[in-house]
There are 2 protein chains.
Amino acid sequence: MPTNGPLFLGIDGGGTTCRARLADAAGRRLGEGAGGPSNITTDLPRAAASILEAARAALAAAGLDDGAFGRIRAGFGMAGGNAPREAAALAAWSFGFAAQTVASDADVACLGAHGGRDGGILILGTGSQGAALVAGRSVTVGGWGFALSDGGSGAILGRAAARRALTGHEEIEPASAFTRAVMARFEASPPRMLAWALKAIPRDWAELAPPVFEHAAAGDPVASALLADHVDEVAALLDRLVELGAGRIALMGGLAAPTRPHLPARFDAVLVEPDGDALDGALALAGLGSAR
Amino acid sequence: MPTNGPLFLGIDGGGTTCRARLADAAGRRLGEGAGGPSNITTDLPRAAASILEAARAALAAAGLDDGAFGRIRAGFGMAGGNAPREAAALAAWSFGFAAQTVASDADVACLGAHGGRDGGILILGTGSQGAALVAGRSVTVGGWGFALSDGGSGAILGRAAARRALTGHEEIEPASAFTRAVMARFEASPPRMLAWALKAIPRDWAELAPPVFEHAAAGDPVASALLADHVDEVAALLDRLVELGAGRIALMGGLAAPTRPHLPARFDAVLVEPDGDALDGALALAGLGSAR
């Protein structure tokens, strides 16, 4: 039930979706909501709008409205939140909340996954990022965005799929059922594909990732080769997290489940299920429970 | 010497530079000039501005000014010129010329390289594209831009170099003298690199390609691996051009010379020096010599 006391808002902002969870000071979940893409290095104003959208949806689910903004202490775990300039700009954004703290999506996921204890996470979503708390010290791996980084992510895998589908279509490399299925999305027309690509954001590229897993499972050689490259990228990130001292690592994000069965056996001893989700971590970042 | 007769303007518009050559009806070269980036799928208004810049520079070199625009028949060979919508938009652009025809940069390069006879070209510039005239029929390979295509280009090689430098910096993959040299351009700071990458256009990525050749020549293992992937991409494009019937192929663009020594011996019999350059082809597209 809404009260007049302080409220805590956790935000988990990814490249595709922005999720929000509202809780009271006792940790009771009051409502959840969602908004649009919210990578702050890709498009900060859009990310801010998505935060507002998700926050209002969570408030509405709790029977509250904008009038409650002044009671809210918010924690933002954002894709791109490791970019200092954009993180500072978001921290200064005028939402009307009583307080707000910005961290990376990986930081809040790590907080949520291990309840503040040592451990690592690897987010395999639209983008990717590794993070770990090692002897209380926070370390990150990757997370520098679609152009420079994001190995093992849906956007990178999807773009590789699109590029490979096109070389198949042009017979520069062998075609397959998979490359034809990707091209069929664009009516087998490179100009149509190009028109799409010129406007595609990471979320759009990531839509081409799930078919890679499906076609690889059916034995398609091109999809299998793309999946093998994807698994190599994920394994390199996991190896680095282990090297940095992460003794337990939780995979998170939409590609965690489909990728897990393909990972080398050396990770069986280190991979664990997360205790809580990124929204739990974002609520902790907002200050929930820190006084208890 | 300027006359009052018709003038022919050839434009070779690439992702980094736009070049112009002015000739009279007898084929005499009156002047040349250059302008900025001119990929019509990346930024059409900017490409049009670069064409104007290059055209005015060529006119100035010939002692002429905008007053001569009405005498000009122009041929535009443009990066991105195989995208139908953008090509049509450029063809309709109000420059004030008497006539203008648009083709891809590859088409005019092919016209210039083989003097209108059968043969192929592979442009390895900021972007890449293959094209060939086979029994009088025009075919193209690749050329669908930085996101989807451009294998073997400077932008693709440069982006791969940047990504690999960053995984080296983060110790996700082994570092080397090459990865450290790339990172040094960004003061070894991933946030600085990210700020650059968020604004980088293909021309900017392509600036990271020449160091790959230099460090590979010095035996750097990372640069050598990047070069091997680059050579594989170029070889796949050449094989496809041969398969399509190109009996002689001219390599063009800034990466042609550094790439050539690394290509497999099977291409020795097919690779030739071009008869003329893309500007010669663009002048032919404009109509120069077609009545002779």
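Per an unreviewed UniProt entry, chain A is named Glucosamine kinase, and its organism is Oharaeibacter diazotrophicus.

Our focus in this paragraph is the interface of chain B and chain A. Between chain B and chain A, the residue contacts involve 35 residues of the former and 35 residues of the latter. Interface of chain B and chain A: buried area, both sides summed, is about 2,800 Å²; carbon and sulfur atoms make up 64% of it. The salt bridge involving Glu171 of chain A is made with Arg240 of chain B; its shortest N-O contact spans 3.7 Å. Taken together, chain B and chain A are joined by 12 residue pairs in polar contact (both at pLDDT 80 or more). Elements supplying a minimum of two residues to the side of chain B that touches chain A: helix H2 (84-91), strand E8 (137-141), helix H4 (145-148), helix H5 (154-169), helix H7 (190-199) and helix H10 (221-243) of chain B.

Moving on, we get to the domain arrangement of chain A. Residues and elements named next belong to chain A. What the domain assignment reports for chain A is domain 1 (7-114 + 276-286) and domain 2 (145-272). The interface of domain 1 with domain 2 comprises 10 residues on the first partner and 6 residues on the second. Both faces combined, the contact of domain 1 with domain 2 buries some 640 Å², and carbon together with sulfur accounts for 63% of it. The interface formed by domain 1 and domain 2 holds 0 salt bridges in total. Along the contact surface separating domain 1 from domain 2 lie 1 residue pair in polar contact (both at pLDDT 80 or more). Residues that form the side of domain 1 that touches domain 2 fall into these classes: 4 nonpolar, 4 polar and 2 charged.

Attention shifts here to the pairing of strand E4 (residues 72-78) of chain B. Residues and elements named next belong to chain B. The buried fraction of E4 is high, at 6 of 7 residues. Across 7 bridges, the pairing between strand E1 (residues 7-13) and E4 is parallel. Along E4, the bridge assignment pairs Gly13 with Met78. Judged from the 6 bridges that link them, E4 and strand E5 (residues 99-104) form a sheet pairing that is parallel. Its bridge partner being in E5, Phe76 is matched across the sheet by Val102. Between the parallel pair E4 and E5, the chain is carried across by H2, and the sense of this crossover is right-handed.

Basis of the calculations
- Each chain has its residues counted from 1, following the order in which its sequence is written.
- Chain letters and ligand numbers both follow the written order, the letters beginning at A and the numbers at 1.
- Where local features are concerned, this predicted model is filtered to residues with pLDDT of at least 70; where side-chain atom pairs are given and counted, the filter is 80 or more; whole-chain, interface and lining totals use all residues.
- To obtain the side-chain values, all non-hydrogen atoms of the structure were used and water was disregarded.
- Working rule for contacts: check all heavy atoms of both residues, and any pair within 4.5 Å makes them a contact.
- Buried area: the accessible surface (1.4 Å probe) lost by two parts on joining, summed over both.
- Note on definitions: salt bridges are taken to be side-chain nitrogens of Lys or Arg within 4 Å of carboxyl oxygens of Asp or Glu.
- Within 3.5 Å is the distance limit for a polar contact, defined as a pair of N or O atoms, with the added protein rule that one can donate a hydrogen and the other accept it, and that residues adjacent in sequence qualify only through two side-chain atoms.
- Strands here are runs of E lasting at least two residues and helices are runs of H or I lasting at least four, both read from the DSSP assignment and numbered beginning at the N terminus.
- Each domain's extent was defined by an automatic or database domain assignment.
- The residue classification treats Ala, Val, Leu, Ile, Met, Phe, Trp, Tyr, Cys and Pro as nonpolar and Asp, Glu, Lys and Arg as charged. All others, Gly included, are polar.
- Whether a residue is buried, partly exposed or exposed follows from its accessible area with a 1.4 Å probe, protein chains only, as a fraction of its type maximum: under 20%, in between, or over 50%, in that order.
- By the convention used here, strands pair only if DSSP detects at least 2 bridges between them.
- Here, the term right-handed applies to a crossover whose path from the first strand over the helix to the second runs clockwise when the strands point away from the viewer.

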